[in-house]
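Chain residues, written in single-letter form:
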Amino acid sequence: MRALSLRGPRDAVIIETPAPPFGAGEVLVRIRGCGVCGSDMNVWRGVAGIEYPLAPGAPGHETWGEVVEVAADVATICVGQTVTGLLWNGFAELGVGRAVDLVALPDGFNAAGEPLACAMNVVRRSAITSGDRVAVVGFGYLAALFAQLLPEQVGAWVAISRREDSRALALRLGAEAAYDFAEIPSDLWDSFAVVVEAAGVQQTLDYATWLTAYGGRLVIAGYHADGPRTVNVQSWNWKGVDVINAHERRSAVYLDALRQALDLVSFRRLDLTSLHTHAWPLFDATDAFRFADERPSGFIKSIVCP
């Protein structure tokens, strides 16, 4: 099969490599799409501590595809089904996953389950109650998924983003208002029962702290893996803020969130593919990373389609 090989920072080639072996409890998947996650930017940019070259297909994990073979002991997944879930090394033509970590998708659904599960976990960990006003600080792909999965009882929500097109997207998805960081009205400070930090940078963490109400919840959904952060513990302490890390590493919780999210997507008839603004074949995967890094106007999500 062909797969992406990331040999070093911003140094990727397509290689021929043996198809991955699969054993008991596993399935072989022909990958139809794999999103470039914000966390993938760490290996693309060369954050300290990463060892190269990466395994073929890494770091792709926002993956979906068609099952082409199953182990003899697998009864829950069938050849021909489209599946998604916890399926790694997705920048390749083929991938292997445990059947228990995969979920069959409805006909015609073409989107990755892993980020959808992440967004659903952010919703659940946010514990939004009736009438809660919510602020989303940083508005990219994950935030756009989160916004569409919000419970019906949520009060008004607003978005904060430096990018004009991201603010426009938030308004299309139902935000009451969307502000640049420099234009946040003073009466919004300390006013939101729930604030979701969704960009994984120091600026959004600071602004999320300032927007959270006394006794409110600051939910960290951004991926802060490229270096240390400074947090305003004095403010958190004084305001009695609950700080919640919405990331999840337990497979069972991920999959439960994915199934719940898929039910909601179906019930609300959401078109998640509208967020897939840029797609490339596998041999142009470096462009997918470059666009995710540079984020040109109109960009929301890069998809690699092997």
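As the structure is a prediction and not an experimental result, all values here were calculated from the model.

Novice: How would you sum up the packing of aromatic side chains? Please name residues and give values.
Specialist: Aromatic ring pairs are reported here in terms of the distance separating the ring centres and the angle at which the planes meet. Going through the model one piece at a time under the given rule, you end up with eight aromatic pairs. A ring pair is formed by Tyr-207 and Trp-210, whose centres lie 5.0 Å apart and whose planes are at 55°; its orientation type is tilted. Taken as a pair, Tyr-207 and Trp-210 lie in helix H5 (residues 202-211) at a separation of three residues, close to a single helical turn. Given a relative accessible area of 37%, Trp-210 falls into the partly exposed group.

Novice: Which residues make up the pairing of strand E12 (residues 212-220), and what are the values?
Specialist: For E12, the tally of buried residues reaches seven of nine residues, placing the bulk of the element in the interior. Pairing geometry for strand E11 (residues 192-197) and E12, over five bridges, is parallel. When the sheet's bridge partners are listed, Glu-197 is paired in E12 with Ile-220. Taken together, E11, H5 and E12 form a β-α-β motif whose crossover is right-handed. The pairing of E12 with strand E13 (residues 242-245) spans four bridges and is classified as parallel. Following the sheet pairing, Arg-217 is matched in E13 by Asp-242. Remark: the E12/helix H6 (residues 233-239)/E13 crossover connection has right-handed handedness.

Novice: An account of helix H8 (residues 285-294) is requested, with residue identities and associated values reported.
Specialist: The α-helix advances 3.6 residues per turn, and as a result positions three or four apart in sequence lie on the same side. If you check which residues of H8 are buried, you get Ala-285, Ala-288, Phe-289, Phe-291 and Ala-292. Within H8, the buried residues cover an arc of 165° as seen down the axis, which keeps them to one side. For H8, the secondary structure elements touched by its buried residues are strand E1 (2-8), helix H1 (40-45), strand E14 (278-281) and strand E15 (302-305). Immediately downstream of H8, the backbone of Arg-295 shows phi near 50°, a positive value.

Novice: Explain the packing of helix H2 (residues 113-126) against helix H7 (residues 251-268) to me, using residue names and the numbers behind them.
Specialist: Running from amino to carboxyl end, H2 crosses H7 at an angle of 90°, the nearest separation of the two axes being 8 Å. Considered as vectors, H2 and H7 are oriented roughly perpendicular to each other. Only Val-253, Tyr-254, Asp-256, Ala-257, Leu-258, Gln-260, Ala-261, Leu-262 and Val-265 of H7 make contact with H2, whose side of the interface consists of Gly-113, Glu-114, Leu-116, Ala-117, Cys-118, Met-120, Asn-121 and Arg-124. A per-class count over the contact of H2 with H7 returns 11 nonpolar, three polar and three charged.

Novice: Kindly report on the environment of Thr-209, identifying the contributing residues and their values.
Specialist: Within the secondary structure layout, Thr-209 lies in helix H5. Judged by relative accessible area, which is 4%, Thr-209 ranks as buried. C-alpha separation for the pair Thr-209 and Val-196, spaced 13 residues apart in sequence, amounts to 9.7 Å. Excluding anything up to four places from it in sequence, Thr-209 contacts Leu-218, Asn-232, Ser-235, Trp-236 and Lys-239.

Novice: Account for the packing of H2 against helix H3 (residues 141-148), with residues named and values stated.
Specialist: Where H2 contacts H3, the two axes come as close as 9 Å, and the packing angle between them is 60°. When the interaxial angle is binned, H2 and H3 end up oblique. The way H2 lies across H3 gives a crossing that is right-handed. Contact with H2, carried on its side by Pro-115, Leu-116, Cys-118, Ala-119, Val-122, Val-123 and Ser-126, involves Tyr-141, Leu-142, Leu-145 and Phe-146 of H3 and no other residues of that element. Looking at side-chain class alone, the contact of H2 with H3 contains 10 nonpolar, one polar and no charged residues.

Novice: How would you summarise the side chain of Ser-302 if you had to cite specific residues and measurements?
Specialist: Locating Ser-302 in the fold gives a position in strand E15. Judged by its relative accessible area of 0%, Ser-302 falls in the buried class. In this structure the side chain of Ser-302 is engaged in a polar contact, spanning 2.9 Å, whose partner is the backbone oxygen of Ala-288. If near-sequence neighbours (up to four positions away) are discounted, Ser-302 is found in contact with Cys-34, Gly-35, Val-36, His-278, Trp-280, Ala-288, Phe-291 and Ala-292.

Novice: Tell me about the pattern of salt bridges, and please be specific about residues and values.
Specialist: Per the counting criterion, the structure on display carries 16 salt bridges. The residue Asp-293 makes a salt bridge to Arg-45 at a minimum N-O spacing of 2.9 Å. One end of the pair, Asp-293, is in helix H8; the other, Arg-45, is in helix H1, with 248 residues separating them in the sequence. A salt bridge links Arg-229 to Asp-226; its shortest N-O distance comes to 2.6 Å. Of the residues examined, Arg-229 reaches a relative accessible area of 25% and is grouped as partly exposed. Connected through salt bridges with shared partners, the residues Arg-10, Arg-45 and Asp-293 form a single ionic network.

Calculation rules
Residues numbered from 1 in each chain as written. Predicted model: local features only at pLDDT ≥ 70, side-chain atom pairs only at ≥ 80, totals over all residues. Heavy atoms only, no water. Phe/Tyr/Trp six-rings, centres within 6.5 Å; stacked < 30°, edge-to-face > 60°. Helix = DSSP H or I, 4+ residues; strand = E, 2+ residues; numbered from the N terminus. Buried < 20%, exposed > 50% of the residue type's maximum accessible area, 1.4 Å probe, protein only. Pairing = 2+ DSSP bridges. Right-handed = clockwise from strand over helix to strand, strands pointing away. Arc of directions from axis to C-beta. Contact = heavy atoms within 4.5 Å. Axes fitted to C-alpha atoms, helices over the stretch in contact; angles between N-to-C directions. Parallel < 35°, antiparallel > 145°, perpendicular 65-115°, else oblique. Nonpolar A, V, L, I, M, F, W, Y, C, P; charged D, E, K, R; others polar. Left-handed = near helix turned anticlockwise from the far one by under 90°. Polar contact = N/O pair within 3.5 Å; in protein donor to acceptor, adjacent residues only side chain to side chain. Salt bridge = Lys/Arg side-chain N within 4 Å of Asp/Glu carboxyl O.

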